[in-house]
2 protein chains.
Amino acid sequence: MSTTIRVAIVGASGETGQSIVNALLSSSTPKFEITALTRPQSLHKPTNLALQARGVNIVPADLRGPAAPLIDLLQGIDVVISAIHFDALADEIPLADAAKAAGVQRFVQSALMIVIPPRGVVDFREKKEENLHHIQKLRLPYTYIDAGWWHQLTLPRLPSGRVDHLLPRPPAAHPSLPLGLDGNVPTALADLRDVGRYVARIIADPRTVNKRVHVYNEVYTLNRVYEVVERVSGERLGRRFVSEAQARAAVDDARTQLSLTPGDPTALLAHVAAQLFYSWAIRGDNTPEYARYLGYVSGKDLYPDFEYVSFEEYVTEAIRGEGKGVYQDR
Amino acid sequence: MSTTIRVAIVGASGETGQSIVNALLSSSTPKFEITALTRPQSLHKPTNLALQARGVNIVPADLRGPAAPLIDLLQGIDVVISAIHFDALADEIPLADAAKAAGVQRFVQSALMIVIPPRGVVDFREKKEENLHHIQKLRLPYTYIDAGWWHQLTLPRLPSGRVDHLLPRPPAAHPSLPLGLDGNVPTALADLRDVGRYVARIIADPRTVNKRVHVYNEVYTLNRVYEVVERVSGERLGRRFVSEAQARAAVDDARTQLSLTPGDPTALLAHVAAQLFYSWAIRGDNTPEYARYLGYVSGKDLYPDFEYVSFEEYVTEAIRGEGKGVYQDR
């Protein structure tokens, strides 16, 4: 690998993709040369033009098309990063095949989620594991990266409405605000801006080849989230506690709704959101301990010097009116 | 864990199960107290009576029955080992559930095979991975152990017929003798008697909790297998080389046959044997390097002092008329 690491990324315009591109562009040692693979019809979209203006090489690629042009595109690429949306995970199979054929030295699949059991809790997590198995069958060097639950999805609504502009839309599909059980379930958090910075460290690190890596900033309970937000904002927040039975029923209801309107994006998102809430807020899967149990290497051990945005810093920014929300355009 | 480790084992009368029980009974430090769970109708079978005479506690257990008696049986057990046959892997689910409920400190599922990609090459391997995922969803402490291809399945037939009594029956279901590709595909070997001894070390070792562990004796190619057997026996052996296309066709043919006679044990075994051969003798999956890539810890690193039976020692014994075959009673 030369001193400049050549990265090809798919999904650069998504929330995680943007965080990764920002971090790669900001890095001085090592330098990253970035190629963003985009659908041919999206070549001239504003987000792609903006990336191009910042020095990203934008190339059209059809992951569902013939293999040869995709293999050509990946010639000379050191690292492929897939930040594909969870509803397009099947596209990673031809991407991995092409990466193998092109001799890519590391494939980072679209894991990039909280820690979840590989099977039986969140449907899309199973697909991610299946994709890893495909990669492993190919013997393609890989890194499977999961990260903390974003600060940007952990901010409760304030009675004053001061942070409404930062909250994901539609709120129903992002029920991150209720408290699971008694509110004392621990969960690993990360600022979305840090996720890309972790990825930049990991893909330049030979210790992380063929490993699962878990990166996060701090471990919080939702009670502590509410306490910090109340203290920093000076506002008093209502709390809605959700029992295991209620969370389970929400998953079942969302699944029923999805079966009635298969493929409907809102129903799909609501189902995923209910499953994710059940995993992190009720089962308490999203912890460093569970990640270690599952075989992940911890980012805390790899990068003890990493300077992250704390949750309190994020809240302070948000209440000052700074910062940027996620999933604003739905 | 006390100085005596209390082990419950399922499948004690199988080839791997016997190796494990022998090793546990032979161990002085630590001591193992062994409970073998057996089907109620098998309680008085000669193999169980023989185990009982050697100090193994034989208890009837119905893995497909109610949970409560199974949980009771596992109270106070430190380690559960499943050496269940690959066609009964579904029984591991209630066993793992009961182990979790009983507070068992380590669950060793029936992996105990060569190194195979988790998906897409050997059907039963996928089921083993699914069982691991179930265990992980439960957060049950586990160790996933795979071992080298047995010496006992690697002995070619000699023209003199001197080792015929050691060869698995029926030979058609164990096509371990042809050479894959040019005969230079590496494969990790282990003597079946050592497999249990490795397991005894691993289950007393805190470093192996929540890990995949790969144990093997030596890495051989089949060309080297033939050379050693010719040298030790003084006999000249014919060699049959199998191409990738032939091995692939053998898998397809076996699958077709199985679909015509679903559930037929001979067809099932032939299909498994063809898939296994394709994995280790053609793809070359069964190597320490591939195990490391898949995230296994190596037994060579954990137990550098382990004294194993070399393949040449095994062959020398076999040709002297000593030793014991496997799968003799089919």
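Residues numbered from 1 in each chain as written. Chains lettered and ligands numbered in written order. Predicted model: local features only at pLDDT ≥ 70, side-chain atom pairs only at ≥ 80, totals over all residues. Heavy atoms only, no water.

Let's talk about the overall build of chain A
Thinking step 1. Secondary structure assignment for chain A yields 12 helices and 13 strands.
Thinking step 2. For chain A, the C-alpha radius of gyration of 20 Å lies close to 20 Å, the compact-globule estimate for 330 residues.
Thinking step 3. Oriented by its inertia axes, the alpha-carbon framework of chain A measures out at about 55 × 45 × 40 Å.
Thinking step 4. Each of the 330 residues in chain A was classed as buried or not, and the buried ones make up 56%.
Thinking step 5. Once local pairs closer than 6 in sequence are excluded, the contacts in chain A between residues at least 24 apart make up 79%.
Thinking step 6. Of the roughly 13,700 Å² that chain A leaves accessible, carbon and sulfur atoms contribute 53%. (Helix = DSSP H or I, 4+ residues; strand = E, 2+ residues; numbered from the N terminus. Rg over C-alpha atoms; globule rule 2.2 N^0.38 Å. Buried < 20%, exposed > 50% of the residue type's maximum accessible area, 1.4 Å probe, protein only. Contact = heavy atoms within 4.5 Å. Areas by Shrake-Rupley, 256 points an atom, 1.4 Å probe, with all protein chains shown as cover.)

Focus on the nonpolar core
Residue and element names in this part refer to chain A.
Thinking step 1. Ranked by internal contacts, the top residues of the largest apolar core, which has 79 residues, are Leu24, Ile81, Ile203, Leu276 and Phe311.
Thinking step 2. Top element by residues in this core is helix α9 (residues 265–283). It accounts for 9 residues.
Thinking step 3. When near neighbours in sequence (up to four residues on either side) are disregarded, Leu276 contacts Met113, Ile114, Ile116, Val122, Phe124, Trp149 and Ala281. (Core = buried A, V, L, I, M, F, W, Y, C linked by side-chain atoms within 4.5 Å.)

Side note on the pattern of salt bridges
Residue and element names in this part refer to chain A.
Thinking step 1. By the definition in use, this model includes 40 salt bridges over all chains.
Thinking step 2. Asp123 is paired through a salt bridge with Arg255; the nearest N and O atoms lie 3.9 Å apart. With a gap of 132 residues between them, Asp123 in helix α5 (residues 123–138) and Arg255 in helix α8 (residues 244–260) connect regions that are remote in the sequence.
Thinking step 3. Given a relative accessible area of 37%, Arg255 falls into the partly exposed group.
Thinking step 4. When the shortest N-O distance is used, the salt bridge between Arg212 and Glu129 registers 2.7 Å. (Salt bridge = Lys/Arg side-chain N within 4 Å of Asp/Glu carboxyl O.)

Focus on the side chain of Gln152 of chain B
All names here are of chain B.
Thinking step 1. Mapped onto the elements of the fold, Gln152 is located in the loop between β7 (149–150) and β8 (179–180).
Thinking step 2. Separated by 3.1 Å, the side chains of Gln152 and Asp191 make a polar contact.
Thinking step 3. A distance of 3.0 Å separates a polar atom in the side chain of Gln152 from the backbone nitrogen of Leu192.
Thinking step 4. Apart from residues no more than four positions distant in its own chain, Gln152 is found in contact with Pro168, Ala190, Asp191, Leu192, Arg193, Tyr314, Lys324 and Val326. (Polar contact = N/O pair within 3.5 Å; in protein donor to acceptor, adjacent residues only side chain to side chain.)

Focus: the relation of the copies chain A and chain B
Thinking step 1. Between chain A and chain B, the superposition needs a rotation of 180 degrees and an axial shift of 0.0 Å, giving an RMSD of 0.0 Å. Interpreted geometrically, this transformation is the action of a two-fold axis. Using C-alpha coordinates, one finds that chain A approaches the rotation axis most closely at Gly295 of chain A, a distance of 4.1 Å.
Thinking step 2. Of the residues that chain A buries at the interface, 100% are likewise interface residues in chain B, meaning the two copies contact each other through the same surface. (Least-squares fit on C-alpha atoms with pLDDT ≥ 70 in both.)

What about the interface of chain A and chain B?
Thinking step 1. With 22 residues of chain A at the interface, the matching set in chain B holds 22 residues.
Thinking step 2. Of the roughly 2,000 Å² buried between chain A and chain B, counting both surfaces, carbon and sulfur atoms make up 46%.
Thinking step 3. Looking only at chain A, the three residues that lose the most surface to chain B are Arg119, Arg139 and Tyr293 of chain A, adding up to 37% of its buried area.
Thinking step 4. Summed over the shared surface of chain A and chain B, the number is 4 salt bridges. (Buried area = accessible area lost by both parts, 1.4 Å probe.)

Here we look at the sheet that holds strand β7 (residues 149–150) of chain A
Residue and element names in this part refer to chain A.
Thinking step 1. With mixed pairing, the 3 strands of this open sheet are ordered in space as β7-β9-β11. Looking at strand neighbours, the two that pair on one side only are β7 and β11 (218–221), the edges of this open sheet.
Thinking step 2. Pairing between β7 and strand β9 (residues 186–190): 2 bridges, direction parallel. In the strand pairing of β9, Trp150 is matched with Ala190. (Pairing = 2+ DSSP bridges.)

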